[in-house]
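Residue strings, one per chain:
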Amino acid sequence: MDERGWFRTAVDGDGTLVLRAGGQWRVATAASLDPALRRLDPAGAQAARIDLAAVDEIDSTGAWLLLRTRHELAARGLTVALDGVRPDIAPLLGHVEEGGRVAPLPHPVPAHHSLIGFLAGIGESVADLRRTARDLLGFFGLVCITLLRLLSSPRRLRFTALVAHMEQTGVNAIPIVGLLAFLIGVVFAYQGADQLRRFGAEIYTVNLLGISILRELGVVLTSIIVAGRSGSAFTAQIGTMKVNEEVDALDTLGLDPIEVLVVPRLLALMITLPLLTFFANAMGLLGGALMSYFSLDILIPTFLRQLRSAITGWTFWVGVVKAPVFAAIIALTGCYEGLRASRSAESVGRLTTLSVVESIFLIILFDAGFSIIFSILGI
């Protein structure tokens, strides 16, 4: 067997150019064959014949060289035929030739760029939302059952963990909640006074500030801050425990993860969020009072008298009543997403973001529901 690849050319009696190929036409010999094939001169022949009877071995590179030569001769006006093609190399030649004629595939169009894909994406989102709502409702029922079991045996409640979570979610959140509530009070008083000044009713800035902060802004702003701060922390902590198989270890030891991990966080947040809401209300009114004093020349005693006349007995309690509900939403959502984490750090980060988004969405949704109920009740 000739380990080299070679070819010879000759012109027969009828003027046909004959190219006889032999040896091994493989990728290892292609570098030596290619220059000579490119210099091939048909010398005025009208037809050509490529004889492959002496080819011992051939791979896709060698087949491509032969087929390229045939196409180049055909481009010069010659009629080219292949002779001596053995049955064992014919499929390779056909495959290489067909591959050369295949047009490049078009750039794939993402499914959501089409109308059907867009509608399918909406349907999948609705199905995911329904599934998440069902699972959250089931998780809420499981936590309620665990709380009822703890009521029959209060000693099972972990007070040390409860106090620790109260410190993390309540005491440590005081600076950021107070600062943001104070600034919101300043901004709201300034913007309200700027509009009411057109009607000569700057004094009613106090009414606008007091009602909006005590009924809505104080509790909603505090809940959103706590959702981003503590709700995400709950998901990250429990999710990391899932990754490290600590939750599985609790099951192995016969301990209930809901009782150990979820209930202390839930109760701690339900206790601290109303207190944070009260603090946020006070800081928001303080910021509004200072802004009114420096911008509108409304003295502090005048501000307090106008505030007393603007609010009713329910104005303060409407905001505080919402706080435990929002706290339960934040804690349950954060713990639920944390328990859903898989054995990867990517899922922890993704579910942490998802828990904050879901908590804020549910807070706004329930706040709208509270507004409708209070409006029906005339509160």
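Since the model is a prediction, treat every value here as computed from it, not as a measurement. Each chain has its residues counted from 1, following the order in which its sequence is written. This being a predicted model, a pLDDT of at least 70 is required before a residue's local features are given, and a value of 80 or more before pairs of side-chain atoms are given or counted; all residues contribute to the totals for chains, interfaces and linings. Hydrogens and water are ignored here; the side-chain numbers use all heavy atoms of the structure.

Asks: Go over the overall build of the protein with me, naming the residues and quoting the values.
Replies: Numbered from the N terminus, helices here are DSSP runs of H or I no shorter than four residues, and strands are runs of E no shorter than two. Per the secondary structure count, the protein includes twelve helices and four strands. The reference for a compact globule is 2.2 Å times residues^0.38; the radius of gyration itself is calculated from the C-alpha atoms. In terms of C-alpha radius of gyration, the protein reaches 40 Å, well past the compact-globule figure of 21 Å for 379 residues. Expressed along its principal axes, the backbone C-alpha trace of the protein runs to roughly 120 × 65 × 35 Å. Accessibility here uses a 1.4 Å probe with only protein chains present; expressed as a share of the type maximum, an area under 20% marks a residue as buried, one over 50% as exposed, and anything in between as partly exposed. Across the 379 residues of the protein, 40% fall into the buried class. For the protein, long-range pairs separated by at least 24 residues make up 81% of all intrachain contacts whose partners lie at least 6 apart in sequence. Values of accessible area rely on a 1.4 Å probe in the Shrake-Rupley scheme; residue burial ignores everything except the protein chains shown. Carbon and sulfur atoms make up 66% of the accessible area of the protein, which totals about 20500 Å². Every residue pair with non-hydrogen atoms within 4.5 Å of one another is taken to be in contact.

Asks: Give me helix H6 (residues 174–196): which residues, what numbers.
Replies: For a helix, the expected span equals 1.5 Å multiplied by the number of residues minus one. With 23 residues, H6 extends 32 Å between its outermost C-alpha atoms, agreeing within 8% with the 33 Å of an ideal straight helix rising 1.5 Å per residue. For H6, every residue scored as buried is listed here: Val 177, Gly 178, Ala 181, Gly 185, Ala 189, Gly 192 and Ala 193. The inward-facing, buried residues of H6 abut helix H7 (205–243) and helix H9 (257–296).

Asks: How would you sum up the pairing of strand E4 (residues 79–83)? Please name residues and give values.
Replies: Strand pairing is defined by DSSP finding a minimum of two bridges between the two strands. The pairing of strand E3 (residues 47–58) with E4 spans five bridges and is classified as parallel. Residue pairing for E4: Ile 50 is matched across the bridge by Leu 82. Handedness of the crossover joining E3 and E4 through helix H2 (residues 60–75): right-handed. Note on handedness: a crossover is taken as right-handed if, strands pointing away from the viewer, the path from the first strand over the helix to the second is clockwise.

Asks: Could you give an account of the layout of surface pockets, naming the residues involved and the relevant values?
Replies: A cavity here means a set of 1 Å grid points, computed over protein atoms only, where a 1.4 Å probe fits but cannot escape. A pocket is an open set with protein on both sides within 12 Å along at least 5 of 7 lines, and lining residues have an atom within 4 Å of a point. Grid points are joined across faces, edges and corners, and a volume is the space filled by probe spheres set on the points. The space that makes up the largest pocket amounts to roughly 540 Å³. Residue lining of the largest pocket: 20 residues in total, with Ala 133, Leu 136, Thr 333, Leu 362 and Phe 366 positioned closest to the centre. For the lining of the largest pocket, the secondary-structure elements that each account for two or more residues are helix H4 (115–152), helix H11 (313–339) and helix H12 (345–377).

Asks: Give a detailed account of the packing of aromatic side chains, specifying residues and quantitative values.
Replies: Two rings from Phe, Tyr or Trp (for Trp, the six-membered ring) form a pair when their centres sit within 6.5 Å of each other. Planes less than 30 degrees apart are called stacked, planes more than 60 degrees apart edge-to-face, and all others tilted. One pass over the structure, following the stated rule, counts six aromatic pairs. Ring centres of Phe 326 and Phe 370 lie 6.2 Å apart, and the angle between their planes is 75°; this geometry places the pair in the edge-to-face category. On the criterion of sequence distance, the pair formed by Phe 326 in helix H11 and Phe 370 in helix H12 is long-range, its members being 44 residues apart. Of the two residues, Phe 326 and Phe 370, neither departs from the other in class, the shared state being buried. With 5.8 Å between their ring centres and 25° between their planes, Phe 370 and Phe 374 make a pair best called stacked. Placement of the pair is Phe 370 and Phe 374 together in helix H12, with a separation of four residues, close to one helical turn. We call a charge positioned above a ring when the Lys NZ or Arg CZ atom is no farther than 6 Å from the ring centre and deviates by at most 35 degrees from the ring normal. Above the ring of Trp 6, the side-chain terminus of Arg 8 is found at 4.1 Å from the ring centroid.

Asks: Describe in detail the pattern of salt bridges, supporting the description with residues and values.
Replies: Any carboxyl oxygen of Asp or Glu within 4 Å of a side-chain nitrogen of Lys or Arg constitutes a salt bridge here. What the rule picks out here adds up to 18 salt bridges. Where Arg 68 meets Glu 72, a salt bridge forms, and the shortest distance between an N and an O atom there is 3.7 Å. Placement of the pair is Arg 68 and Glu 72 together in helix H2, with a separation of four residues, close to one helical turn. Judged by relative accessible area, which is 11%, Arg 68 ranks as buried. Exposure remark for Glu 72: the relative accessible area of 29% places this residue in the partly exposed category. Measuring nitrogen to oxygen at the nearest pair gives 3.4 Å for the salt bridge that ties Arg 158 to Glu 259. Of this pair, Arg 158 sits in the loop between H4 and helix H5 (159–169) while Glu 259 sits in helix H9, and the two are 101 residues apart along the sequence. Arg 158 gets classed as partly exposed once you look at its relative accessible area, which sits at 30%. According to the relative accessible area criterion, Glu 259 is buried, its value standing at 4%.

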